[in-house]
Amino acid sequence: MTEMATANLIGSYNYALVAVSVLIAMFASYAALDLAGRVTAAGGWTRTVWLLGGAGAMGTGIWSMHYIGMLAFILPIPVAYHWPTVLLSLFAAILASVTALYVVSRRKMGASRAVAGSVVMGAGIASMHYIGMAAMRLPAICQFNSFLVILSVVIAVPISLAALWIAFHLRDEKTGIGREKLAGAVVMGAAIPLMHYTGMAAASFTSSGTPTDMSHAVSISTLGTAGIAAVAFIVLGLALLTSWVDRRFAAQTLELQEEKLQRSEAYLAEAQRLTHTGSWVWRVAGRDALHLSEEWYRIYGFDPAEGMPVWEQRLRRIHPEDRAKWKGTIDRAIAEKSDYEVEFRILLPDGTVKYIHTVGHPVLNASGDLIQFMGSATDISDRKRADEERERLLASERAAFAEVVAAQRRFRDLVNSVEGIVWEADVPGFQFLFVSKQAERVLGYPVERWLSEPTFWKDHVHPDDREWALQFRQTATAEKRDHQFEYRMIAAGGSVVCLRDLVTVVVEGDRVTRLRGLMVDLTNHKQAEEALHQAQTDLAYVNRVATMGEVTASLAHEVRQPIAAAVTDANTCMRWLTRDPPDLKEAHEAASRIVKDVKRAGDIINRVGLLFKKGTPEQELVDVNDLVREMIVLLRDEVSRHSISVLTDLAADLPQVTGDRVQLQQVVMNLMINGIDAMKDADGTRELTIKSQPAENEEVVVSVTDSGAGLPPQQAEQIFDAFFTTKPDGTGMGLRISRSLVESHGGRLWAVDNSPRGASFRFTLPTKAKTKE
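Residues numbered from 1 in each chain as written. Predicted model: local features only at pLDDT ≥ 70, side-chain atom pairs only at ≥ 80, totals over all residues. Heavy atoms only, no water.

Caption draft 1: Main features of the pairing of strand S15 (residues 432-435). Examined bridge by bridge, strand S14 (residues 421-426) and S15 share 3 bridges and lie antiparallel to one another. From the neighbouring strand, Glu424 faces S15, where its bridge partner is Phe434. The antiparallel hairpin formed by S14 and S15 contains 5 residues in its connecting segment, where Phe430 sits at a positive phi of about 55 degrees. (Pairing = 2+ DSSP bridges. Helix = DSSP H or I, 4+ residues; strand = E, 2+ residues; numbered from the N terminus.)

As structure tokens, then:
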């Protein structure tokens, strides 16, 4: 019995299970490589889920390989397994898997990190193996060969290091099974069982008669072995399936992101093209370009197919005059690690000059060292030229404005030098907006009063002219017509100033908005006119007296006739009264004739007296026909003495005219005497025809026509000039005075040849008084 207890137990291997264990190891290795990529790609809490889930699947696979390998070892005694210890070995496998996935999912895996990870992972796998062997319950004593145990642990560490290296470098394969990944899985799958079977070789079993504690121990049947293998394959398969699905989703998301990125890049390129802005990045060390956009190439005139231009090439593009400024800005930004902004010119090989506006931003590493500059370069040539053109236009506008100001100053000086008052007023209030300085000289009021008082003009118009002048201005403005009129204003000193206002209306749209005008001081002119009028009146009086002197004999004869008739009738009356008995009837008739003759003589004397009277002209209603008849009676003896027939054609119901009766008598008398003088020595019939008739424009026309020699050739108008005469003893003033008198009444006087002989003098007189204007 003792020999039986100490007999060595010889075990053997079920090679099918060994093959299954190796296959599970390879499958687990492939899953590890695939899961390493997912853990690396994930972030945040998703990374943690993938790390723990992947470690669970990977640890389960390694643990399954281990137990399938242990079940493949067959001893001639029954073997059971303490299941709590088995679970502990599973935990060790998962812990080793967590370590492995964590290390290979890092962005970088340095040597120290790789070695530390491989030691932890190797220790975990070795722990899983020897904890698993400690879970065996069998009637035998298990002893270990120390050398082989150490060798198995040593093998576990480099195998782990190799596994980590393979997983780290193959973690980024994204599509398909991947030949490199498959090869790596085969290598790892073959290496891991090597450590396991080395550890198994380190154990030797000696039979023992000591009873075995079988509490919490379970025996593994063939079905259980198959179940462990199946579960391992299912767990690893699900892990790979999940990884594949996640990779597909990630690929689709990446494709969408790439599409968006490409679209964004296209938008950015288009935006850069539209804004003439190129982007760039260059490294401070060596100043090599790291990125230059298409628009940058277009702006600077480089060919992208030739590669990125070096620093010297970019520097040569800077305009020589701006190169120092550009380099100084760059050097200062590097020294201060600061943003920079600079405008400069570049000179292209074809001679084109462009204006560039560049903005740069520093990029610092984690240590605060300046490593790069990134920024943009904008072609501002068009804007610069537009600014230059704008400056040129502004300069032109400023010059033009200065010229306008100078012109306005010259115009203001010119306006102020004009003798009249230049003004502008609004409508309808007629408040002055502008008044020239002449206003102060003419009327004595400061310009400020003209501009500040809304009713200045109306308040200072002469009271006798105010109503009609205001009405006239309002009517003309409403009719939108330019106008002129004369009125009087009261000056600051109380004197009366006569003005002629020449007014222009300013029409905007369909209404008058302003009035502009020129007030001309007529005071001196009016005084001169009055003096001239008085002189003309005096001259007319002298002319009347002279004319009356010429017809003195005729006038005496006209007076003598009624006086002689009165004497004769008086003698006749006396005879009738001395008869016995007195003939009172005949005496009464004789006395009546005496009264008539004396009245007739008195009328003649009164008319002559009026012609000799010197006084101020008086306006009254005059019957032109009566006036003509009076002059015919007055000059009857003169026309008889020269055998002249007087014919009249006086229109009935002829409108009366307004004027000075004596002056109009003088006009008719001058024209009749002029006609009598023209026919004194004429042969043939001598006729003086006087005609009156209505005319257009509410006028009457009177003509005095003779049958004399007619007008002097080529001198029809000169006969009205002062001192022009065709008479040997004439003064040359009669016709001139007559025209002046007619024109002062608002009419006109002219002469025409009469067919077949003689001349006709005609004048018009208005039937209504002319409006002051």
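Picking up where we left off.
Caption draft 2: Molecular detail of the packing of aromatic side chains. By the definition in use, this model includes 20 aromatic pairs. Consider the rings of Trp280 and Tyr340, whose centres lie 6.4 Å apart with planes at 20 degrees: the pair is stacked. Linking Trp280 in strand S9 (residues 277-283) with Tyr340 in strand S11 (residues 340-347), this pair joins segments that are 60 residues apart in sequence. With 4.3 Å between their ring centres and 15 degrees between their planes, Trp296 and Tyr300 make a pair best called stacked. (Phe/Tyr/Trp six-rings, centres within 6.5 Å; stacked < 30°, edge-to-face > 60°.)

Caption draft 3: Spatial organisation of empty space enclosed by the protein. Evaluated as defined, the whole model comprises 5 cavities of 30 Å³ or more. Space inside the largest cavity adds up to approximately 180 Å³. Taken together, 16 residues form the lining of the largest cavity, with Trp280, Trp282, Trp296, Arg314 and Trp326 sitting closest to its centre. Where the lining of the largest cavity is concerned, the elements lending two or more residues are S9, strand S10 (289-292), helix H9 (294-300), helix H10 (311-317), helix H11 (323-336) and S11. Per element, the largest residue contribution to the lining of the largest cavity is 3 residues, and it comes from S9. Across the lining of the largest cavity, the residue classes break down as 14 nonpolar, 1 polar and 1 charged. (1 Å grid on protein atoms, 1.4 Å probe; cavity = no way out; pocket = protein on both sides within 12 Å on 5 of 7 lines; lining within 4 Å. Points joined across faces, edges and corners; volume = space filled by probe spheres on them. Nonpolar A, V, L, I, M, F, W, Y, C, P; charged D, E, K, R; others polar.)

Caption draft 4: View of the sheet that holds strand S6 (residues 140-144). One open sheet accounts for 3 strands, arranged S1-S7-S6; its pairing is antiparallel. With partners counted over all chains shown, the strands left at the sheet margins are strand S1 (8-9) and S6, one partner each. Sheet topology places S1 next to strand S7 (residues 203-207); 2 bridges connect them, and they run antiparallel. In the strand pairing of S7, Leu9 is matched with Phe205.

Caption draft 5: Just the nonpolar core, in detail. In terms of nonpolar packing, the biggest core is built from 43 residues, with Trp63 and Phe205 touching the most fellow members. Of all elements in the fold, only helix H2 (15-41), helix H3 (45-71), helix H4 (83-104), helix H5 (111-134), helix H6 (146-170), helix H7 (179-201) and S7 reach the threshold of two or more residues within this core. For this core, the element with the highest residue contribution is H3, accounting for 8 residues. Non-local contacts of Trp63, meaning those with residues more than four positions away in its chain, are made with Val86, Ser89, Leu90, Ala93, Met128 and Ile228. Among the nonpolar cores identified, the runner-up in size contains 40 residues, and Met679, Ile690, Ile719 and Ala759 belong to it. (Core = buried A, V, L, I, M, F, W, Y, C linked by side-chain atoms within 4.5 Å. Buried < 20%, exposed > 50% of the residue type's maximum accessible area, 1.4 Å probe, protein only. Contact = heavy atoms within 4.5 Å.)

Caption draft 6: Region of the structure containing the environment of Ala439. For Ala439, the position within the fold is in helix H13 (residues 438-443). Overall, Ala439 belongs to the buried group, its relative accessible area being 0%. In sequence terms Ala439 and Trp450 are 11 residues apart; their C-alpha atoms lie 8.6 Å from each other. For Ala439, the residues in contact, after removing those within four places along its chain, are Ile421, Gly444, Tyr445 and Trp450.

Caption draft 7: Just the packing of helix H20 (residues 624-634) against helix H22 (residues 661-679), in detail. Running from N to C, H20 and H22 point in directions that differ by 55 degrees, and their axes come no closer than 10 Å. The orientation of H20 relative to H22 falls into the category oblique. Here the hand of the crossing between H20 and H22 comes out right-handed. Here Asp626, Leu627, Glu630, Met631 and Ile632 of H20 come into contact with H22, specifically with Arg661, Leu664, Gln665, Val668, Met669 and Met672. A breakdown of the residues in the contact of H20 with H22 according to their chemical character gives 7 nonpolar, 1 polar and 3 charged. (Axes fitted to C-alpha atoms, helices over the stretch in contact; angles between N-to-C directions. Parallel < 35°, antiparallel > 145°, perpendicular 65-115°, else oblique. Left-handed = near helix turned anticlockwise from the far one by under 90°.)

Caption draft 8: Quick peek at the sheet that holds strand S22 (residues 687-695). Strand order across the open sheet formed by 5 strands is S20-S22-S23-S25-S24, with mixed pairing between neighbours. Edge positions in the open sheet fall to strand S20 (645-650) and strand S24 (748-753), since each of these has one partner strand only. Taking each pair of neighbouring strands and ignoring which way they run, the sheet shows an average axis angle of 15 degrees. Across 7 bridges, the pairing between S22 and strand S23 (residues 699-705) is antiparallel. By the bridge assignment for S23, Ser692 is matched with Val702. Relative to the sheet, H20 contacts S20, S22 and S23, its axis offset from that of S20 by approximately 170 degrees.

Caption draft 9: Spatial organisation of the environment of Ala80. Within the secondary structure, Ala80 sits in strand S4 (residues 80-82). With 136 residues separating them in the primary sequence, Ala80 and His216 have C-alpha atoms 9.5 Å apart.

Caption draft 10: Layout of the packing of H22 against helix H23 (residues 734-744). Two numbers describe how H22 lies on H23: the axes approach to 9 Å, and their chain directions differ by 145 degrees. For the element pair H22 and H23, the recorded crossing hand is left-handed. From H22, Gln663, Gln666, Val667, Asn670, Leu671 and Asn674 reach across to H23, where they touch Gly734, Leu735, Ile737, Ser738, Leu741, Val742 and Ser744. Split into classes, the residues belonging to the contact of H22 with H23 amount to 6 nonpolar, 7 polar and no charged.

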